[in-house]
Amino acid sequence: MKSLCVYCGSSYGAKPVYAEAARTLAKEMVDRQITLVYGGGNVGLMGTIANEILRLGGEATGVIPQALMDKEVGHKQLTHLHVVKDMHERKAMMAELSDGFVAMPGGIGTLEELFEILTWSQLGFHEKPIGVLNVDGFYDGLIAFLQNQVAQGFVKANQAELMMHEKNASELLYRLQNFVPQPSTKVLDALAAKTLLP
Ligand code: AMP
């Protein structure tokens, strides 16, 4: 894995442990010579991880829409900064530039990015690994909700497994680097379900 897209909060969150985890992830990436691809902001955990990557001598590529650049939240010292038209172009470029994806703790924007890339994966549009860094149990509720979606028949167990999760950055990177993609069955599952109830 040469490049990793990290989705994370534009806020710091309520506890210092989130920023500490962002710095630890940055170190684990630099140690493995993995470059950062992210949303290009210099705010919250986004800024924390980018600044730590750069401080440790790694490379950070940002992809930011013009509208956010105009609001001066764009990071000016990145290795590369792509200014794009809108959020759709941004997410497509972040996905294109990356060999895998990690969601750190974050807000609505982080969840939207995570679930879009999971959706593309379950449909077989890409075969890149996806994981959440479950810092201090931040994602426990989401992991439980996904299991409820499986129990209620809206998500297949193998689709839920596309969202790997670990509390520790090193273990998560290990799993991402050793990920073996399985063929997508989502469309076939839906066709098969047409013959079932109701
Ligand atoms: P949130 O989790 O709601 O804080 O949003 C974080 C995600 O949305 C990041 O991964 C970015 O891609 C995007 N985003 C939200 N706010 C900003 C911002 N002020 N500057 C740059 N990107 C942002």
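The preceding data block contains the structure.
These numbers were taken from a predicted model, which means no experiment stands behind them.

**Notes on the overall build of the protein chain**
- Scanning the protein chain from terminus to terminus reveals nine helices and seven strands.
- Expected size for 198 residues packed as a compact globule is a radius of gyration near 16 Å; at 17 Å, the protein chain falls within 12% of this value.
- For the protein chain, the proportion of its 198 residues judged to be buried stands at 43%.
- By sequence separation, contacts in the protein chain at least 24 residues apart represent 69% of the contacts at least 6 residues apart.
- As displayed, the protein chain offers around 10500 Å² of accessible surface, 56% of which is attributable to carbon and sulfur atoms.

**Quick word on the sheet that holds strand β1 (residues 3-7)**
- Ordered in space as β4-β3-β2-β1-β5-β6-β7, the seven strands form an open sheet in which the pairing is parallel. Each edge of the open sheet carries a strand with a single partner, namely β4 (80-84) and β7 (163-166). The sheet shows a mean angle of 25° between the axes of neighbouring strands, taken without regard to direction.
- Judged from the three bridges that link them, β1 and strand β5 (residues 101-103) form a sheet pairing that is parallel. Counted as the bridge partner of cysteine 5 is phenylalanine 101 from β5.
- Running at roughly 155° to strand β2 (residues 35-38), helix α2 (residues 44-55) makes contact with β1, β2 and β3 (60-65) of the sheet.

**Focus: α2**
- Its 12 residues give α2 an end-to-end C-alpha distance of 17 Å, which sits within 8% of 16 Å, the value for a rise of 1.5 Å per residue.
- Buried residues dominate α2, accounting for nine of its 12 residues.
- Taken together, the buried positions of α2 are occupied by Gly44, Leu45, Met46, Gly47, Thr48, Ile49, Ala50, Glu52 and Ile53.
- Those residues of α2 hidden inside the fold are in contact with β1, α1 (16-31), β2 and β3.
- Backbone geometry just downstream of α2 places glycine 57 in the positive-phi region, at approximately 90°.

**A few points about the pattern of salt bridges**
- On inspection of all chains with the given rule, the structure shows eight salt bridges.
- Note that aspartate 31 is salt-bridged to lysine 27, the shortest N-O span being 2.8 Å. A residue pair is termed a helical-turn pair when its members lie 3 or 4 positions apart in one helix, as aspartate 31 and lysine 27 do in helix α1 at four residues.
- Residue lysine 91 pairs with glutamate 116 through a salt bridge whose shortest N-O separation is 3.4 Å. Of this pair, lysine 91 sits in helix α4 (residues 87-97) while glutamate 116 sits in helix α5 (residues 108-122), and the two are 25 residues apart along the sequence.
- In this structure, a network of salt bridges that share partners links the residues Lys91, Glu112 and Glu116.

**Description of the pairing of β2**
- The pairing of β1 with β2 spans three bridges and is parallel. Across the sheet, residue cysteine 5 finds its bridge partner in β2, namely valine 37.
- Relative to β3, β2 runs parallel, the two being bridged by three bridges. Bridging across to β3, valine 37 finds its partner in threonine 61.
- Traced from β2 through α2 to β3, the parallel crossover comes out right-handed.

Conventions used here
Residues numbered from 1 in each chain as written. Predicted model: local features only at pLDDT ≥ 70, side-chain atom pairs only at ≥ 80, totals over all residues. Heavy atoms only, no water. Helix = DSSP H or I, 4+ residues; strand = E, 2+ residues; numbered from the N terminus. Rg over C-alpha atoms; globule rule 2.2 N^0.38 Å. Buried < 20%, exposed > 50% of the residue type's maximum accessible area, 1.4 Å probe, protein only. Contact = heavy atoms within 4.5 Å. Areas by Shrake-Rupley, 256 points an atom, 1.4 Å probe, with all protein chains shown as cover. Pairing = 2+ DSSP bridges. Axes fitted to C-alpha atoms, helices over the stretch in contact; angles between N-to-C directions. Expected span 1.5 Å × (residues − 1). Salt bridge = Lys/Arg side-chain N within 4 Å of Asp/Glu carboxyl O. Right-handed = clockwise from strand over helix to strand, strands pointing away.

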